[in-house]
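Secondary and tertiary structure notes
So you can see what is in the structure, the chains are spelled out below.
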Amino acid sequence: MNITLIGFMGSGKTTVANALSQQLEIEQNDLDEMVLQRTGLTIPEYFEQYGEAKFRKLEMDNLQLALATGGILSTGGGTPMQANNFKLIQEANTATVFLNAQDNTITHHLIHDGIEERPLFKQLGIDGIIKLKHERQLTYEQLADVIIDVDHKSPELIVNELMEKL
Ligand code: S3P
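Figured I'd write up the structure that's included with this text. (Residues numbered from 1 in each chain as written. Predicted model: local features only at pLDDT ≥ 70, side-chain atom pairs only at ≥ 80, totals over all residues. Heavy atoms only, no water.)

Another point: the overall build of the protein. Secondary structure assignment for the protein yields seven helices and five strands. Counting helices and strands in the order they occur from the N terminus, the protein gives β-α-β-α-α-β-α-β-α-α-β-α. Computed over C-alpha atoms, the radius of gyration of the protein comes to 15 Å, within 12% of the 15 Å expected from 2.2 N^0.38 for 166 residues, which places it in the range of a compact globule. Across its three principal axes, the protein shows a C-alpha extent of roughly 40 × 35 × 25 Å. Taken over 166 residues, the protein has a buried fraction of 47%. Restricting the contact set of the protein to residue pairs at least 6 apart, pairs at least 24 apart contribute 72%. When the accessible surface of the protein is summed, it comes to about 8,600 Å², and 48% of that surface belongs to carbon and sulfur atoms. Averaged over its 13 positive side-chain charges, the protein has a centre that lies 7 Å from the centre of its 24 negative ones. (Helix = DSSP H or I, 4+ residues; strand = E, 2+ residues; numbered from the N terminus. Rg over C-alpha atoms; globule rule 2.2 N^0.38 Å. Buried < 20%, exposed > 50% of the residue type's maximum accessible area, 1.4 Å probe, protein only. Contact = heavy atoms within 4.5 Å. Areas by Shrake-Rupley, 256 points an atom, 1.4 Å probe, with all protein chains shown as cover. Lys, Arg positive; Asp, Glu negative; His and termini not counted. Charge placed at Lys NZ, Arg CZ, Asp CG, Glu CD.)

Take a look at the structure:
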């Protein structure tokens, strides 16, 4: 079974992918984690050294690799925003699940994780990041086969809901 999780940063893609992978005993890939595996750099370090444009190229490369591998895939919040990536996911043999979160859920998670974790949060601040979230919403909805509202739900509940809807 191939499942790709999409959604804004802080919507819980990585956490839900971990839970899904454990429950279904299917291999999992995380696009952000692949940056670390391939370059030895965290996302903030990579942005700092090479900038966003280079990150987007590497992200596309990682997406191609991960879709070819199959299994559970958690993307980065910006992954579907590149037209090429959107098409790659759309045409891949994968169910695409959008984890849809309200603004305050995102704000809460991002602040909890810390500003250093996410370079775009650091650059844009909370108002800018929520504006970006609204700009991206339609693209997530268009790409999704299934949409799950994640607010106030545990990863286990989200996984159960997801399995019912697939
Ligand atoms: C980004 C989201 C991040 C990471 C990078 C850019 C974005 O992933 O890929 O910081 O453009 O929304 P998460 O959604 O896992 O935080």
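On we go.
Turning our eyes to something else, we now look at the pairing of strand β1 (residues 3–6). Regular strands place side chains that alternate from one sheet face to the opposite one. Side chains Ile 3 and Leu 5 project from β1 onto one buried face, and the interleaved Thr 4 and Ile 6 project onto a second face that is buried too. The pairing of β1 with strand β3 (residues 72–74) spans three bridges and is classified as parallel. Bridged to Leu 5 within β3 is Ser 74. Here β1 runs beside strand β4 (residues 95–100); their pairing, made up of four bridges, is parallel. The residue bridging Leu 5 from the neighbouring strand is Val 97, located in β4. (Pairing = 2+ DSSP bridges.)

What follows is about unusual backbone geometry. Across residues other than glycine, the phi torsion is negative in most instances, and most of the peptide bonds are trans. Phi is positive for Glu 25, which is not a glycine, with a value near 55°. Note that Glu 25 resides in the loop between α1 (13–24) and β2 (28–30). Its relative accessible area of 74% is what places Glu 25 among the exposed residues. Of note, His 152 is a non-glycine position whose phi angle comes to about 60°, a positive value. You can see His 152 is positioned in the loop between β5 (146–149) and α7 (155–165).

With that out of the way, let us pick up the packing of α1 against α7. Relative orientation of the contacting elements α1 and α7 amounts to 65°, with a least axis distance of 9 Å. By the angle between their axes, α1 is roughly perpendicular relative to α7. Seen from above, α1 lies across α7 with right-handed handedness. Across the interface between the two elements, Thr 15, Val 16, Ala 19, Leu 20, Gln 23 and Leu 24 from α1 touch Pro 155, Ile 158, Val 159, Asn 160, Leu 162 and Met 163 from α7. Broken down by class, the residue content of the contact of α1 with α7 amounts to nine nonpolar, three polar and no charged. (Axes fitted to C-alpha atoms, helices over the stretch in contact; angles between N-to-C directions. Parallel < 35°, antiparallel > 145°, perpendicular 65-115°, else oblique. Left-handed = near helix turned anticlockwise from the far one by under 90°. Nonpolar A, V, L, I, M, F, W, Y, C, P; charged D, E, K, R; others polar.)

As enumerated under the stated definition, the model contains 10 salt bridges in all. A salt bridge links Arg 56 to Glu 52, with the shortest nitrogen-to-oxygen separation between them at 3.0 Å. Highlighted residues: Arg 56 and Glu 52, both in helix α3 (residues 43–69), separated by four residues, approximately one helical turn. Close ionic contact of Lys 122 with Glu 116 constitutes a salt bridge, the shortest N to O distance being 3.0 Å. (Salt bridge = Lys/Arg side-chain N within 4 Å of Asp/Glu carboxyl O.)

Coordinates in, geometry out; function isn't part of it.
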